[in-house]
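Report on the structure
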Amino acid sequence: MGLGMRRAVGTTVAAQFQHDNTEVVASVNFQRNSKQKGDDGDDGVPVQPRLIVRAIHAKWQAQLEKWADYRSLFGLIAFITVFLGVLYAQRGATIAYSVHSTIASVVLPGSDTLQSTDDVYGWLQNLLQNVWKDPNCGDGICEAPFEFAAFSRFGCKADCGRLSDIQNLTSGQVDIYWDFSHQASSLPASELMQQASWNLCPQDIQYNADCYDDPDNKFASISGSLTKFMPDLPDGDWSLVLKKDIFQKTRGAVRDTAKLSQAAFWFKVYVAAAAAAAEQARELQLLNTALGFMNRSMIDALPAVWAEADVNQAYRDAFDAQQMLNASCLCPNMTSLLTGTIGYTDSATYLASKCTGVTSMGLRTYDADGNATITFTSTPTVQDCADATANLTAHRASYNATLIKYLVVQRLGNLRDTGKYGVRYSVQDTLRSFLSKKYPELVSGIFVDPKGADAHVAAAATVSALANLYVESDLYLVAGAPAHLALYRRRLNQDPNLTFGDWATRTNARINEIKQQQDSVAAVSISGPDGITATVGQVVAAFQAAGASTAWLPAAPAVGPPLSVADYNLATWDGNTTAYLSCNLDIRGPEYLGMCTDMPVTCASQTNDIAPYSCARVGDNSTVPGTIRNSTYSQLAAIQSLTQKQADAIAALDAATSDRLNAISVATQQGIINLYQALAVWKMARRDRAVSNKIAKLAGSPCSYEPAAVQFSLNNSNSMEDNTARDRTLGMNNRVLAGLMLHTWRSQDEQCAHSRFSQIQSTCAGQQDISPYGVDSVFKLGSINFNPDLYDPNGAMMTQIYNCSALTNPTYDIIEPATKLKVNAQPYCAELFNPRNTPYAFWHLPLANLPDGYQVFFDINLSQVGAQTWLSWVQEGLLLDDRTRGLTARLVTYNAELKVFADIQVAFDFQAGGSIQVSNRIYTLSLELYDPTSADLARPPCSLLLVSNRIYTLSLELYDPTSANLARYAFEVLLAGCIVLLNLIELARFAQAARYSWRGRIDKGLGQYLSSIGVWLRLANNVLLLVGLGLWWTFVNSHAKQFNMDLRYPVYENLQPQAFFLKLAGNGAGLASAWEAITRLEAAISVLNVYYAINGICILLLIARLLRAMDFQPRLGVVTKALALAAPDLLHFFLVAGSVFLCYCMMGFLIFGNSLPWFATFPTSINTCFEMLLGEFADVNRDLRSLGGLQSVAGILFFWSFELLVFLILLNFLLAIIVDAFGEVKEQQKEQTGIHVELWRLLSDRWRWLLGRWRGTYMDVRHMDSIMQQWAGISEEEEARQQQKQQQAAGEIGGQERVVQVMGEDVQAVMGEDVDQATLTRILLAVMGEDLDQETLTRILLAVMGEDLDQETLTRILLAVMAAEPGRGEAGLDEQAAQQLAALKPAGAREGDVGKAQAAAAFIMRRFGKSAAKAAAETLQQLGAGGRELEEERDKLAAALERLAGVQRELAEAQRNLMSGQKQLAEQQTHLVGLVTARSDAAVPVLPSGQD
């Protein structure tokens, strides 16, 4: 450190010297007298000890400054290390690039320039093929849910097994009935049959979206029926699709086979029970009828017997019965004939009650005319009694036959199909016939499929087996019913003694037996396949409650508890061969609309000319009186009135019918036909004509062209994954989120500016267009996407899909500007249809932060084939056309293994020149930094004291608490603290400089503070670091923590639509949500990019600070010094080289810009030339040589001249300038100490300091510094002047490492204030030239130091300094103490100074070793070296100053145009020579006493 002596003492010469490669600036005072007053006053301090202390203090300060410089350097290096380490950990560039490179290899096009939209579509197709891939079946991995268990022809059995093994599937069947017979004048039935087809297709199921059968099912005959079983239908929404059944010739249903089987089971039970009940009812009827006969006397029962159809005896009436009864009473031997016929009363008792009061018997005789005459006799003759006996005997036989008929013949029949068995089978046949017509699907399950004979296994048993069981019951199923067997014919006739009473007894037994069987069967429990258990009686009751009978059955769902038969029909549709006569009449035949009503009168024709019709009222079936001859029928007007009424109901009659009416009227008036004939002819003609017209019209008008879709749902409570997203990846692990979003924008066609060539093309691209465009290729004939199933000449299907009525205010009937015609008639609104009534394909949907345009979204749930189908639809819909101006494709991916998101954008810019320029942007970032639920971690750390607590918290709350994350978080906290601390330190420096300015310390004030480049460098760096810190925590809190993105968004209503592919779901809510997530990700990327850009600037500033911090060490600062030395030359070089370089860039742009991409734009030309300057010129040279004509010659000249002039000459000039400056600086620094030596000394000094502190010999450095400054007599003002001189010396620009300053305050005062110290130093060195260089000047000003100063001598020096302090004396010292101090201290030292001096000397020796002793010894040696050498040096200095004055005069003459201040400087320098010469004669150095 330079220390200046005061002007009152003499001339001060500041010099720089080197010893042990360490700079020490010492001050030497040459006194004229042996004793003078001290510096800045008469302090009486001896000069020699104070100078020695100043030399030691200077040495110490220099070493402390060196140590401080190294501390600053290594502190800055440590901060840079932490800073770069944190950035490295935050960026994760290696991981990010691995993701980036993978994505780039898949996504980016092969060229930056495309030639047509086909190239863009090709790129899209390649991307979709690489990303939208379906799983591979057979790899052993079931990639659920899109690789699923097998059902029907779908799924992957090899990887996932069968779906029926893991889920409850629905076993379904499709029952179809058809008859394609049609009106002969219309389409042939065979053609209708061939074009019709059907299929079962899923609408929304978890697995595939393809129809069950491939291809569609066709019909093999004109009429018929079929049942197709589908045993494994998964849950979801389905539809049975009928295609091209344009006249509704088919009907049928989709049914649940299991439920159908369950319903068939209960229907089978009921049919069997109903048949059994009918059989038993018939038997009970017969038995009760026979029992009624048997419970009466034969004579009483004869009228009922005679009433039987098979007993047809003429003239059998009550008289005959009474006659036989009277004969029994009056005639002998007739009583025995009545034995056994009296029922439960014997004959005697019966006759006793009947014969009371009988006195005569009637006789009936007949005359020739057949007239009967009845007479009565009280004494019948023998013949009369014989006739009565014969008659009674005959009637007894007839009576017996009648009972046998009821008990055997009609009851048992042939035991197979007659009798009561016939009733059973009749009921079965009747119900089967009913089911065949009404519910044919049940017939097979009831009558065909069951084959079992064991009625106890109800599910497999046939109806006959069940009916037999329900008739016989378990009581008599095997052995037979005994009462039933007792009534067989042979058993009734084999015993002649059996009376009718016995027969009655057996009959009653059988009746009771049947009732017992019925009760037993009704209690039989049956378990159905649906798990329901019910008795036969409950089954019958449930069916009967629904209205079932022996001839009619209800629908399955109508059967209530306890059965509650489920509806097995999943979906049904109606149709028949004549359905075309009534379908869609509001469109096809509105004149036939109406409802038929029943007429109040019904008439039947009869073969009677007078009364051809017999009419009756419907209400009471009463006959309408009169005939056609009656007045009510006789008038033709009545016929015409009826005709008019009927015509109003039909709507109208054609002219032919009217003519027919006129002809009938004329014929009637002329008497050719009568009125009833006219009526018949008229009605027939009218009916036939109307029917023929209706059939002819409707037979040629299809009901509908649209495929009929009968929808139904299946739900077996299987677990389903809603909104599951397919796995689409870029590469192996980068999963695509949501899908691929295309955004395109286009321009309107406008008239081009006026040109001579407007006839070639008059339209040009104008303003941006957002009107709908394109065409739905499904309705585009000739397109591969054209769907003939949706083709409808009337446009009904098209308008149903593109439904304008769903819009708020649809626009119709607009005037087309080009043709001036009215277009878009209803229902083709202008919002959905173009003027040619074809639906648009693309519409503008405004999205926030997205330029106006059109969006197409490829959902990740599209299958591999589906993605290509959508691409084909987009391409044929003309997404890209000649008005397209740009297309952007966006993808977002996430790598779960690396936790890295990627935002990919590929932009296609359609140039006006015809090419398509491709650009891309791929950004990767990690958003899983900290736990988003932890607010503590999300806040920026405010204190380094919380680091340990935060690390502990992090270990508990981070998603991925790895050691790397812990370390990164700890260093982030440390870095944040360091940045805040650096800004606080800089703020404190600013405040300190402001305080110095307030105190008037200009050397340390704000002006001095702000004038330093280093200060501004630190300020800019610290502010940017603070801004970067804020950006990072903004990114963490507002973006990384808040970001969330779903795997999939429902953008479109249907991913497998028939048409209208881009129909948005939820009015575009899904697309808006997907875009919002993308914009949030891009916003996070933008913040992170700004963060890294600012940190990049910070790194540059840190490099500048690092170079500046290294400047104190000669060998470390060689780069900056070399650049500073070469700066003027570099400036001039760049002016020349830059001009030449830019000329070449412009030359390439002008000559080759129209042919080569390397020079297409001026910035591109600059970049190409710079690459050529770096040696990358092979491709450019090849393209230049490939040019034809004069351009080829120009290319050769351009290339070779550029390489020779710029590459070989100018570039080598640049290298020469830099190398020359480096060599010069290196030569000046060749004797400097290396950093390893200095660090070793500094570390050794630090080690000694630590040892001293440990041993207790430590002295505070600041306290020691204040003491030494006091002893050396250094005041605050002098220290400030010394620091200012150092700063000026450090800022000298001579290209040297440090310029020696030879300057005394007196000399400066003589020369005036216009010449500062730095200028004076340069002047002195320039004047000395070769006679006196810097090293010689140093030797002149300072003597060579010695090494003979030990600690004891240093102690005495310090004591001498302390003794010379003002106010000191010998008071208080006794003689003994004075004697003890005599050897150690000079006179004037006080008691206690010895200890201080010894402690200070020991401290200095420990801290600096011999270097401080050397500095003190050098000062002492210099003081005793004598005056002769100094005299000689001053003479040389005077001669040098004289030469300096001459040089100044010559410079003044040579530079007349310089400032007037230069003349004043020459005069002051002349004045300086005279003053130095005068003072040199008088100045004689006075040496201390005792010195030679």
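Since we're looking at a predicted model, the values are computed, not measured.

Below, the discussion takes up the overall build of the protein chain. Across its full length, the protein chain holds 46 helices and 26 strands. Across the protein chain, the fraction of contacts at a sequence separation of at least 24, relative to all contacts at a separation of at least 6, is 71%. Roughly 74600 Å² of accessible area belongs to the protein chain as shown, and the carbon and sulfur atoms make up 55% of that amount.

Okay, the sheet that holds strand E4 (residues 170-179) next. On the basis of which strands lie adjacent, the open sheet formed by four strands has the order E7-E4-E9-E14 and antiparallel pairing. On the outer flanks of this sheet lie strand E7 (223-233) and strand E14 (569-573), each paired with one strand and no other. The average angle at which neighbouring strand axes cross in this sheet is 10°, direction not considered. By the bridge criterion, nine bridges tie E4 to E7 in an arrangement that is antiparallel. Within the sheet, the bridge partner assigned to Asp 175 lies in E7 and is Thr 227. Across the sheet, helix H6 (residues 257-294) lies against E4, E7 and strand E9 (250-256), angled at about 90° from E9, the strand it touches most.

Next up on the list: the packing of helix H10 (residues 382-412) against helix H16 (residues 500-522). At a minimum axis separation of 12 Å, H10 and H16 run at an interaxial angle of 20°. Taken as axis vectors, H10 and H16 run roughly parallel relative to one another. The interaxial crossing formed by H10 with H16 has left-handed handedness. Counted together, Tyr 399, Asn 400, Leu 403, Ile 404, Leu 407 and Arg 411 of H10 and Phe 500, Trp 503, Thr 507 and Arg 510 of H16 form the full contact between these two elements.

Across the twelve residues that make up strand E24 (residues 884-895), a large majority, eleven, are buried. In terms of strand pairing, strand E19 (residues 734-751) meets E24 through ten bridges, oriented antiparallel. The residue bridging Arg 735 from the neighbouring strand is Tyr 894, located in E24. For E24 and strand E25 (residues 900-910), the ladder comprises ten bridges, and the chain directions are antiparallel. For Leu 891, the partnering residue across the bridge sits in E25 and is Ile 904.

In this structure, Leu 730, Leu 740, Phe 842, Phe 858, Phe 908 and Phe 1035 are the most contacted members of the largest nonpolar core, which totals 114 residues. Tallying contributions element by element places helix H30 (residues 1069-1109) first for this core, with 15 residues. Dropping the residues within four chain positions of it, Phe 1035 is found in contact with Leu 925, Ser 926, Leu 927, Leu 929, Ala 1040, Ala 1084, Val 1087 and Leu 1088. With 49 residues, the next largest nonpolar core counts Leu 260, Trp 266, Leu 466 and Val 521 among its residues.

All right, on to the sheet that holds strand E8 (residues 236-243) then. Pairing within the open sheet is antiparallel, and its four strands lie in the order E6-E5-E8-E17. Of all the strands in the sheet, the pair left with one neighbour each is strand E6 (217-218) and strand E17 (708-714). Pairing of E8 with E17 involves seven bridges; the strand directions are antiparallel. The partner of Asp 237 across the bridge, within E17, is Ser 713.

Moving on, we get to the state of the cysteines. Evaluation of the coordinates by the stated rule reveals seven disulfides. Each sulfur of the disulfide joining Cys 142 and Cys 160 lies 1.9 Å from the other. Taking the torsion about the S-S bond as the criterion, the Cys 142 to Cys 160 disulfide, at about 105°, is right-handed. Separated by 18 residues along the polypeptide, Cys 142 in the loop between helix H3 (117-131) and helix H4 (157-160) and Cys 160 in helix H4 bring together distant segments of the chain. One disulfide in the model links Cys 583 with Cys 703; its S-S distance is 1.6 Å. Between Cys 583 and Cys 703, the disulfide has an S-S torsion of -65° and is therefore left-handed. With Cys 583 in the loop between E14 and helix H18 (585-588) and Cys 703 in the loop between helix H22 (675-699) and E17, this residue pair connects regions lying 120 residues apart in the sequence.

What counts, and at which threshold
Residues numbered from 1 in each chain as written. Predicted model: local features only at pLDDT ≥ 70, side-chain atom pairs only at ≥ 80, totals over all residues. Heavy atoms only, no water. Helix = DSSP H or I, 4+ residues; strand = E, 2+ residues; numbered from the N terminus. Contact = heavy atoms within 4.5 Å. Areas by Shrake-Rupley, 256 points an atom, 1.4 Å probe, with all protein chains shown as cover. Pairing = 2+ DSSP bridges. Axes fitted to C-alpha atoms, helices over the stretch in contact; angles between N-to-C directions. Parallel < 35°, antiparallel > 145°, perpendicular 65-115°, else oblique. Left-handed = near helix turned anticlockwise from the far one by under 90°. Buried < 20%, exposed > 50% of the residue type's maximum accessible area, 1.4 Å probe, protein only. Core = buried A, V, L, I, M, F, W, Y, C linked by side-chain atoms within 4.5 Å. Disulfide = S-S within 2.5 Å.

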